[in-house]
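In case you want the letters, here they are:
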Amino acid sequence: MSSQIYTSASRAARSLLSSATKAYPLLSSEGRVVATATTAAFRRNFTSASAFYGRADYNRTSRGWISGALALPAAVYMLQDQEAHAAELERTFIAIKPDGVQRGLIAEIVSRFERKGFKLVAIKLVVPSKDFAQKHYHDLKERPFFDGLCNFLSSGPVLAMVWEGEGVIKYGRKLIGATDPQKSEPGTIRGDLAVVVGRNIIHGSDGPETAIDEIALWFEPSELVSYTSNTEKWVYGVN
């Protein structure tokens, strides 16, 4: 009788795991390892319980225990799916420079990131000092245009932002366009709204490490907001 129960339970477990895999295809390898280990533990515990309890007593108590054991691998899969999806989301620093602010392009630029499906998690309007601008552009300090660049960034209000989303660093740069507006494709922010390099209206982090450093420079941790947008299921849904 116990072997029949185990066979039935194993079939149900495989069915649950198969369904979970189809429903959550982005699971990490760690999730599968944990689920496999859980199933193995279930088999050991089942065999031990079958030997310890009398058949009649075991049959009466096994149903609830089996249900909980079978639900655990599926729950592990779902938890790992949430962690895997969260790991895919990244953050980038985007700043509308003084020329973009003065030209009234804030709404236009913000809307392009929103329409793409990215999520705004921090924003503030500041006038950076020249010392601060030098920290921001520290990697360009050996360039001949460094001083003028810092003077410009500190010449007026800058709209500093942090955007979150899958691939937001790389694709954010695509939305912005090439540094030289003359080389930017139509449809990009610089390609549509800027003319010369010295007034290219916007800045965006060029890689993961830069994004981390720039976010930390411009924002305190308490200024970053973590939340789930109601539109995320329509942006990242899995069929």
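Residues numbered from 1 in each chain as written. Predicted model: local features only at pLDDT ≥ 70, side-chain atom pairs only at ≥ 80, totals over all residues. Heavy atoms only, no water.

## Examining the overall build of the chain
At step 1: Looking only at helices and strands, one finds eleven helices and four strands in the chain.
At step 2: A separation of at least 24 residues holds for 79% of the contacts in the chain among residues at least 6 apart in sequence.
At step 3: As displayed, the chain offers around 13,900 Å² of accessible surface, 55% of which is attributable to carbon and sulfur atoms. (Helix = DSSP H or I, 4+ residues; strand = E, 2+ residues; numbered from the N terminus. Contact = heavy atoms within 4.5 Å. Areas by Shrake-Rupley, 256 points an atom, 1.4 Å probe, with all protein chains shown as cover.)

## As for the side chain of His-136
At step 1: Secondary-structure assignment places His-136 in helix H6 (residues 130–136).
At step 2: In this structure His-136 touches Phe-93, Leu-153, His-203, Glu-214, Leu-217 and Trp-218, once residues within four positions along its chain are discounted.

## Quick notes on the pattern of salt bridges
Oppositely charged side chains can pair when the atoms bearing their charge come close.
At step 1: Taken as a whole, this structure holds seven salt bridges when the rule is applied.
At step 2: Across the pair Lys-130 and Asp-147 runs a salt bridge whose closest N-O atoms are separated by 2.7 Å. Here Lys-130, found in helix H6, pairs with Asp-147, found in helix H7 (residues 146–153); they are 17 residues apart in sequence, far enough to count as distant. (Salt bridge = Lys/Arg side-chain N within 4 Å of Asp/Glu carboxyl O.)

## Topic: the UniProt feature "binding site: ATP" (unreviewed entry) in the chain
At step 1: The feature "binding site: ATP" (unreviewed entry), as given by UniProt, occupies Lys-97, Phe-145, Arg-173, Thr-179, Arg-190 and Asn-200 in the numbering adopted here.
At step 2: Tracing the sequence through the fold places Thr-179 in the loop between helix H8 (168–176) and helix H9 (189–193).
At step 3: Note on Thr-179: relative accessible area 46%, which makes it partly exposed.
At step 4: In this structure, Thr-179 is in contact with Arg-190, Val-197 and Asn-200, ignoring residues within four places of it in sequence.
At step 5: Structurally, Asn-200 is set in the loop between H9 and strand E4 (202–204). (UniProt positions renumbered as here; feature names shortened; annotations may be inferred. Buried < 20%, exposed > 50% of the residue type's maximum accessible area, 1.4 Å probe, protein only.)

## What to know about the environment of Ala-133
At step 1: With respect to the helices and strands, Ala-133 occurs in helix H6.
At step 2: Other than its neighbours up to four places away in sequence, Ala-133 contacts Cys-150 and Leu-153.

## Focus on the sheet that holds strand E1 (residues 89–96)
Either a parallel or an antiparallel arrangement is found when strands of a sheet pair, and the pairing is made through backbone hydrogen bonds.
At step 1: One open sheet holds the four strands; their spatial order is E2-E3-E1-E4, and the pairing between them is antiparallel. Across the chains shown, the open sheet's two edge strands, defined by having one partner strand only, are strand E2 (119–126) and E4. Mean inter-strand twist for the sheet, computed between neighbouring axes without regard to direction, equals 20°. (Pairing = 2+ DSSP bridges. Axes fitted to C-alpha atoms, helices over the stretch in contact; angles between N-to-C directions.)

## Concerning the nonpolar core
At step 1: Ranked by internal contacts, the top residues of the largest apolar core, which has 21 residues, are Ile-109, Phe-113, Trp-163, Ile-201 and Ile-202.
At step 2: Elements supplying a minimum of two residues to this core: E1, helix H5 (106–116), strand E3 (158–166), H8 and H9.
At step 3: No other element matches the four residues that H8 contributes to this core.
At step 4: Residue contacts for Phe-113: discarding those within four places in its chain leaves Ile-94, Phe-118, Trp-163, Gly-172, Leu-175, Ile-176, Ile-189 and Ile-202. (Core = buried A, V, L, I, M, F, W, Y, C linked by side-chain atoms within 4.5 Å.)

## Remarks on the packing of aromatic side chains
At step 1: Taken as a whole, this structure holds five aromatic pairs when the rule is applied.
At step 2: One cation-aromatic arrangement involves Lys-116 over Tyr-171; the distance from NZ or CZ to the ring centre is 3.8 Å.
At step 3: For the cation-ring pair, Lys-124 lies above Phe-219, with the distance from its terminal atom to the ring centre recorded as 4.8 Å. (Phe/Tyr/Trp six-rings, centres within 6.5 Å; stacked < 30°, edge-to-face > 60°. Lys NZ or Arg CZ within 6 Å of the ring centre and 35° of its normal.)

## A few points about the packing of H5 against H8
At step 1: Closest axis-to-axis distance for the H5/H8 pair is 11 Å, and the angle between their directions is 135°. Comparing the axis directions of H5 and H8 gives the class oblique. For the crossing formed where H5 meets H8, the hand is right-handed. The segment H5 lies against H8, with Arg-112, Phe-113 and Lys-116 engaging Tyr-171, Gly-172, Leu-175 and Ile-176. (Parallel < 35°, antiparallel > 145°, perpendicular 65-115°, else oblique. Left-handed = near helix turned anticlockwise from the far one by under 90°.)

## Focus on the confidence of the model for the chain
At step 1: Overall, the predicted model of the chain reaches an average pLDDT of 78, with 64% of residues at or above 70.
At step 2: Contacts of residues 16–42 to residues separated by more than four positions or lying in other chains number 38 contacts, the stretch itself having pLDDT below 50. (pLDDT = per-residue confidence, 0-100.)

## Comments concerning helix H10 (residues 208–218)
Because an α-helix packs 3.6 residues into every turn, residues spaced three or four apart end up facing the same way.
At step 1: Every buried residue of H10 is accounted for by Ala-211, Glu-214, Ile-215 and Trp-218. In an axial view of H10, the angular spread of the buried residues amounts to 100°, which keeps them on one side of the axis. Exposed side of H10, more than 90 degrees from the buried face: Glu-209, Ile-212, Asp-213 and Ala-216 are the residues found there. (Arc of directions from axis to C-beta.)

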